[in-house]
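# Survey of secondary and tertiary structure
Spelled out, the chains give:
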Amino acid sequence: MKYRNLGRSGLRVSCLGLGARGTFGAGISDEAAERVLSAAYESGVTLFDAAEASGRAEKMLGKILRSKGWRRSSYVVTTRVFWGGQADRGLSRKRVLEGLRGSLQRLQLDYVDVVFAGPRPGPAHTEGLDPTLRLLRLEELVRAMSDVIDQGLALYWGTAGGAPGDVMDAYAVARQFNLVAPVCQWAELPPEPRLFRQIGLGAVTWSPLAPGPTLEEEPLPHGRPIAKPSYGPPPPLPHGRPIAK
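Just so you know, these numbers come straight off a predicted model, no measurement behind them.

Reading the values: rules and limits
Residues numbered from 1 in each chain as written. Predicted model: local features only at pLDDT ≥ 70, side-chain atom pairs only at ≥ 80, totals over all residues. Heavy atoms only, no water. Helix = DSSP H or I, 4+ residues; strand = E, 2+ residues; numbered from the N terminus. Expected span 1.5 Å × (residues − 1). Buried < 20%, exposed > 50% of the residue type's maximum accessible area, 1.4 Å probe, protein only. Contact = heavy atoms within 4.5 Å. Pairing = 2+ DSSP bridges. Axes fitted to C-alpha atoms, helices over the stretch in contact; angles between N-to-C directions.

### A word on helix 3 (residues 55-68)
- Taking 1.5 Å per residue, 14 residues should reach 20 Å; helix 3 reaches 20 Å between its end C-alpha atoms and fits that length.
- Every buried residue of helix 3 is listed here: A57, E58, M60, L61, G62, I64 and L65.
- Where helix 3 is buried, its residues touch helix 1 (20-24), helix 2 (30-42), strand 4 (47-49), strand 5 (76-81) and helix 4 (93-107).
- Trailing helix 3 by a residue or two, G69 shows a phi angle of about 70°, which is positive.

### Topic: the sheet that holds strand 8 (residues 184-187)
- Strand order in this open sheet of seven strands is 3-4-5-6-7-8-9, and the pairing throughout is parallel. With partners counted over all chains shown, the strands left at the sheet margins are strand 3 (17-19) and strand 9 (202-205), one partner each. When strand polarity is set aside, the average angle formed by the axes of neighbouring strands in this sheet is 25°.
- Inspection of the sheet shows strand 6 (residues 112-117) paired to strand 7 (residues 154-160) by five bridges, in the parallel sense. When the sheet's bridge partners are listed, V112 is paired in strand 7 with A154.

On their own, these measurements won't tell you what the molecule is for.
Take a look at the structure:
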């Protein structure tokens, strides 16, 4: 297994991680979940990703981690906040604090290594608002994330699926008010290169094989071709080479 720092932070993670929401939230038994997690850990996987949207997955992950007795310093746990009930969904200060505390209770942990603000750096309903009001809500989010880090509930924070402009604005707000800036982005594809070059944003990518192994039809062993994906051409990586041709 290969390991690398997450963005420009000092947090060291495995290049492959295990997503608890998709693995443990689909009717899998406790015994099967334990076997999957143990196999991943023994193979060198140290990054385990969860989300408050799947409380069952968080509970299963927390139960297994506690039963295994692995050193807390030997693995990294991330989670995402945004989804509460219909009445409290969003990224207000109240939602961030209460959502993260609920996740920690289900995970049976004192802290998570990274908390992601999802699905955007700012609430989706801020689109179309007055620019000043939008920035005020971004400031509320950045202050809330800084507070949970100061309280020891999380060590780092990141964005989830945000547009490059939103991420840059969140970073600018953090710099302006001497707050904690995001260190990474949780997204389906790596972030835009300028986010890496300008602010050192790391990437936690989910379902990296969703588009298929290549962009061209490729025969399977039984002769049936893999359909061309509908995602379009992949974005370039920071070093300039495309993900696939």
